[in-house]
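Next come the chains, spelled out residue by residue.
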Amino acid sequence: QVQLVESGGGLVQPGGSLRLSCAASGSIFSIYTMGWYRQAPGKQRDMVATLTSGGSTNYADSVKGRFTISGDNAKNTVYLQMNSLKPEDTAVYYCNARTSGPVVIHYWGKGTLVTVSS
């Protein structure tokens, strides 16, 4: 089992910045990829950014150049630095951990709300 706890959400004005954190605990040795997803009201949950254990990153087109995902192995924490925020970035942001192996398991945090509004 892997437990994920997000923090760092809140209200920010358009053009502002926020940094989300996700602390992982439990069977972290099984994690292959960690990432951030978001879900706006009435919409599906979409991938925002992912980071593999090897350091490879992947971003949704809508956030490329504005968001940066990074990790701190010593703290078992992954971050999402969000700059130049737009109202359309408003959503609940969920941390995700994906395991490797023949059976892939996805773990989710409870989510943190990001609201971009003036």
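Right above here is the structure, for reference.
Let me sum up the structure you'll find in this document. As the structure is a prediction and not an experimental result, all values here were calculated from the model.

## Re the pairing of strand β1 (residues 2-7)
(1) Moving on: A one-sided burial pattern is seen for β1, the buried positions being Val-2, Leu-4 and Glu-6 and the unburied ones Gln-3, Val-5 and Ser-7.
(2) Moving on: Taken together, the six bridges between β1 and strand β3 (residues 18-26) define a ladder with antiparallel strand orientation. Note on β3: the bridge partner recorded for Glu-6 is Cys-22.

## A few points about the state of the cysteines
(1) Moving on: By the definition in use, this model includes one disulfide.
(2) Moving on: For Cys-22, the disulfide goes to Cys-95, at an S-S distance of 2.0 Å. On the S-S bond that ties Cys-22 to Cys-95, the torsion sits near -85°, and the link is left-handed. Of the two residues, Cys-22 sits in strand β3 while Cys-95 sits in strand β9 (residues 91-99), which places them 73 residues apart along the sequence.
(3) Moving on: Classification of Cys-22 by relative accessible area gives buried; the value is 0%.

Rules and cut-offs
- Residues numbered from 1 in each chain as written.
- Predicted model: local features only at pLDDT ≥ 70, side-chain atom pairs only at ≥ 80, totals over all residues.
- Heavy atoms only, no water.
- Buried < 20%, exposed > 50% of the residue type's maximum accessible area, 1.4 Å probe, protein only.
- Helix = DSSP H or I, 4+ residues; strand = E, 2+ residues; numbered from the N terminus.
- Pairing = 2+ DSSP bridges.
- Disulfide = S-S within 2.5 Å.

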